[in-house]
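Observations on the model geometry
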Amino acid sequence: MSKNIIFSVFLLITLAGCAGTPEDQKAETGATNVADYIELEESGSHSDVYDPLEGFNRVMWDLNYNYLDPYIARPVSLAYVDYVPSPLRTGLSNFLANLDEPASMVNSIIMQNPKDAVTHFNRFWINTVFGLAGIIDIATAADIPTPGGRAFGDSLGYYGVGNGPYFMVPFYGPVTLREGVGDTADGFYLPLSLLTFWQSLGKWAVEGMEDRAALVSQESMLRDSPDPYVFTRDAYIQHKNFKASGGEVSEEEPVNEEYLDDFLDEVDDY
């Protein structure tokens, strides 16, 4: 819910700039393989991501990348990972992830994937009842692994709704109009709807610290990219398109699954 509020405030500020959005948005696709992407950048290829506020977004990127991240987000996240006992971190992460299972179940149904919907349902009730409200991931131990979270923004994309304008929010990171609307809708599902503002903010902060710490091993990708802003933007949109497709990839857009696991999923939450 906290990021819904952040997104809403940001959307109000930038709404005037979006009023001139063209009806026919360009296809929002980007290279997924790191090597392929860097090759596209070096050749000067034009990205098809809809980024009408690129000038403003680049300023926010510089603020995030050059100041907020190295001086606040990165050291705080590493301190959390290094000094908080692993069992406590694992239990807290499990508990927070369990809160998202009902929303993922509903969105799996919307995306016509009953198998994943049943998996999310089983994971939620098993971990809630037998795992101390989700602190212990009993479901995974019982060979019911998570199929991956699904948000309402993914459901909208599944039925052809475009990502819409791309925004870079200070301290939060990338977000699209579709994702912001989807996150707001997911906030109405139980048990997420029961969280107060401060509880939601705490959930976002803890998950953000875990995700940021996981990105440390991928920092060289950004440093080696000719344009880190474009690299992150296109990778982020590619990952959103991948999730909206239900995990299906066309032959024209091969996906490096290891890359998605190690980089794009973390960027999605950071």
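Keep in mind that what you see is a predicted model, and the values were worked out from it rather than measured.

This brings us to the packing of aromatic side chains. Under the defined criterion, the tally for this structure stands at nine aromatic pairs. Consider the rings of Trp61 and Tyr65, whose centres lie 4.9 Å apart with planes at 15°: the pair is stacked. Linking Trp61 with Tyr65, this pair stays in helix H3 (residues 54–83), spanning four residues, or about one helical turn. Between Phe197 and Trp198, the aromatic rings sit 5.0 Å apart at their centres with planes inclined by 80°, giving edge-to-face as the arrangement. For Phe197, a relative accessible area of 36% gives the class partly exposed. An aromatic cluster is present here, built from Trp61, Tyr65, Tyr166, Tyr229 and Tyr236 joined pairwise through their rings.

On to the side chain of Ser155. Along the chain, Ser155 falls in helix H8 (residues 152–158). With a relative accessible area of 2%, Ser155 lands in the buried category. Not counting chain neighbours up to four residues away, the residues in contact with Ser155 comprise Asn107, Ile110 and Met111.

Once that is clear, we can look at the pattern of salt bridges. Overall, the coordinates contain 16 salt bridges when judged by the stated rule. The salt bridge involving Glu219 is made with Arg223; its shortest N-O contact spans 3.9 Å. Here the residue Glu219 and the residue Arg223 both occupy positions in helix H11 (residues 219–224), the gap between them amounting to four residues, near one helical turn. For Glu219, a relative accessible area of 16% puts it in the buried group. Classification of Arg223 as exposed rests on a relative accessible area of 56%. One salt-bridge network, held together by shared partners, links Asp51, Glu54, Arg58, Asp227, Arg233 and Asp234.

Here the focus is a nonpolar patch on the surface. A contiguous nonpolar patch, built from Leu63, Tyr67, Tyr71, Ile72, Val76 and Phe171 and spanning about 610 Å² of accessible area, is present on the exposed surface. Turning to its location among the elements, Phe171 is positioned in the loop between strand S1 (166–169) and strand S2 (173–176). On the basis of relative accessible area, Phe171 is assigned to the partly exposed category, the value being 35%.

Relative to S2, S1 runs antiparallel, the two being bridged by four bridges. The residue of S2 that forms the bridge with Val169 is Gly173. In sequence, S1 turns back onto S2 through a hairpin of three residues, with Phe171 there showing a positive phi of about 70°.

Bringing the confidence of the model for the protein chain into the picture now. When pLDDT is averaged along the protein chain, the result is 81, and 74% of the positions lie at 70 or above. Here helix H2 (residues 34–42) is the element of the protein chain with the lowest mean pLDDT, 39, and helix H6 (residues 114–130) is the one with the highest, 97. Within the model, the stretch residues 1–46 combines pLDDT values under 50 with 82 contacts to residues more than four positions away or in other chains.

All right, on to the nonpolar core then. For soluble globular proteins, nonpolar side chains are generally found buried alongside one another. With 17 residues, the main nonpolar core has Tyr166 and Val175 as its most contacted residues. The set of elements that each furnish at least two residues to this core consists of H3, S1, H11 and helix H12 (228–244). Examining the composition of this core, we find that five residues originate from one element, H12, more than from any other. One finds Leu96, Leu99, Ala103 and Met209 within the second-largest nonpolar core, a separate group that totals eight residues.

For the rest of this paragraph, the subject is helix H10 (residues 197–214). Compared with the 26 Å implied by 1.5 Å per residue over 18 residues, the 26 Å span of H10 between its first and last C-alpha is a close match. Along H10, the residues that are buried comprise Ser200, Lys203, Val206, Gly208, Met209, Glu210, Asp211, Arg212 and Ala213.

The next subject is the packing of H3 against H10. Packing of H3 against H10 leaves a shortest axis separation of 8 Å and a crossing angle of 95°. As far as their axial angle goes, H10 and H3 are roughly perpendicular. Touching Asp69, Ala73, Arg74, Val76, Ser77, Leu78, Tyr80 and Val81 of H3 are Val206, Gly208, Met209, Glu210, Arg212 and Ala213, all from H10. For the contact of H3 with H10, the class distribution of residues is eight nonpolar, two polar and four charged.

Reading the values: rules and limits
- Residues numbered from 1 in each chain as written.
- Predicted model: local features only at pLDDT ≥ 70, side-chain atom pairs only at ≥ 80, totals over all residues.
- Heavy atoms only, no water.
- Phe/Tyr/Trp six-rings, centres within 6.5 Å; stacked < 30°, edge-to-face > 60°.
- Helix = DSSP H or I, 4+ residues; strand = E, 2+ residues; numbered from the N terminus.
- Buried < 20%, exposed > 50% of the residue type's maximum accessible area, 1.4 Å probe, protein only.
- Contact = heavy atoms within 4.5 Å.
- Salt bridge = Lys/Arg side-chain N within 4 Å of Asp/Glu carboxyl O.
- Patch = residues over 30% accessible without salt bridge, like charges linked within 9 Å, V, L, I, M, F, W, Y side chains within 5 Å.
- Areas by Shrake-Rupley, 256 points an atom, 1.4 Å probe, with all protein chains shown as cover.
- Pairing = 2+ DSSP bridges.
- pLDDT = per-residue confidence, 0-100.
- Core = buried A, V, L, I, M, F, W, Y, C linked by side-chain atoms within 4.5 Å.
- Expected span 1.5 Å × (residues − 1).
- Axes fitted to C-alpha atoms, helices over the stretch in contact; angles between N-to-C directions.
- Parallel < 35°, antiparallel > 145°, perpendicular 65-115°, else oblique.
- Nonpolar A, V, L, I, M, F, W, Y, C, P; charged D, E, K, R; others polar.

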